[in-house]
Amino acid sequence: MKFTDGEHQHGGSSGNAVTFTLEEQEVVHVLHPQQIIAYRGPSSGRSDKLMNIKGIYRKRKLIQGDFAGPCRFTAALPPGFSLKMVTLADGSDLLYDFKHLFCYTSGIRMRAKVLSMKNMLFTRDAVKIKFEGSGQIGLLTQGVVCQEALHPTEPIYIDARSVIAYPESASLELTVYGNNLASQHMNYHFKMTGRGTVLFQAGEYNRRLAQDLDDESVIKRFLREALPFGGVFIK
């Protein structure tokens, strides 16, 4: 399967577009088929069907589209969103949030993993998805996707709202870091140690920087930064 990100050709404030090209025998399952805006291939190459009960509950959608090659189709993405294709092989232990899943190829299987009570409280989610088999998955994210390696003893701190996937064996703590002023002006972070890699998105911080660059009074900006929890109370 070939995947083309059309951001430089079709992107901008109006949104983005991505194109998939499938060869004979290749199959892609699209969980947001309403985003398909162009299709080239035999009419029989697309077959929509009802999701199973778990899929309907997690995605809050009823229909998924199955596309079989040879064909080519283009999907539209909302402004600020991008699609990250991740290649998986047997043995991957990453846990994903199902809401980020846009598509997956045949050969990929999904298994629900119930989190520990501590991780449920930290992530505000009772279940994550673990993928098995070999193939590719498409993750819908806000902004670019970053990837960092974990270390068994040296922690990395990542904004809790930005995390997309992390290893099942990773150790998580919900915390802030830095001195008192720093910790008062940040969201909660996951303090992670372990082995493997963690994926996180940058879109949330793009919007925050854009807001900071908006024209506003120096006094208001100073008070927001200098006062404890000023970012919460001073808008």
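Residues numbered from 1 in each chain as written. Predicted model: local features only at pLDDT ≥ 70, side-chain atom pairs only at ≥ 80, totals over all residues. Heavy atoms only, no water.

Participant: How should the pattern of salt bridges be read in this particular structure?
Facilitator: When their charged atoms lie close together, side chains carrying opposite charge are able to pair. Scanning the entire structure with this criterion turns up 7 salt bridges. Salt-bridge contacts for Asp159 lead to Arg161; the nearest nitrogen and oxygen are separated by 3.7 Å. (Salt bridge = Lys/Arg side-chain N within 4 Å of Asp/Glu carboxyl O.)

Participant: What am I meant to see in the packing of aromatic side chains here?
Facilitator: Scanning the entire structure with this criterion turns up 6 aromatic pairs. Ring geometry for Tyr39 against Phe67: centres 6.1 Å apart, planes inclined by 45°, an arrangement best described as tilted. One end of the pair, Tyr39, is in strand 4 (residues 36–40); the other, Phe67, is in strand 6 (residues 63–68), and 28 residues separate them in sequence. With a relative accessible area of 30%, Tyr39 lands in the partly exposed category. One aromatic cluster in this structure is built from Phe3, Phe20, Tyr39, Phe67 and Phe73. (Phe/Tyr/Trp six-rings, centres within 6.5 Å; stacked < 30°, edge-to-face > 60°. Helix = DSSP H or I, 4+ residues; strand = E, 2+ residues; numbered from the N terminus. Buried < 20%, exposed > 50% of the residue type's maximum accessible area, 1.4 Å probe, protein only.)

Participant: Just to check I follow, could you spell out the sheet that holds strand 5 (residues 46–50) for this structure?
Facilitator: Within a sheet, each strand pairs with its neighbour through backbone hydrogen bonds, oriented either parallel or antiparallel. Read across the sheet, 6 strands follow the order 5-6-3-10-13-8 without closing on themselves; strand pairing throughout is antiparallel. If you trace the sheet from one side to the other, it starts and ends with strand 5 and strand 8 (81–88), each paired once. Ignoring strand direction, the axes of neighbouring strands in this sheet form an average angle of 20°. Pairing analysis gives 8 bridges linking strand 8 to strand 13 (residues 135–142), with the strands arranged antiparallel. Residue pairing in the sheet places Met85 in a bridge with Gly138 of strand 13. (Pairing = 2+ DSSP bridges. Axes fitted to C-alpha atoms, helices over the stretch in contact; angles between N-to-C directions.)

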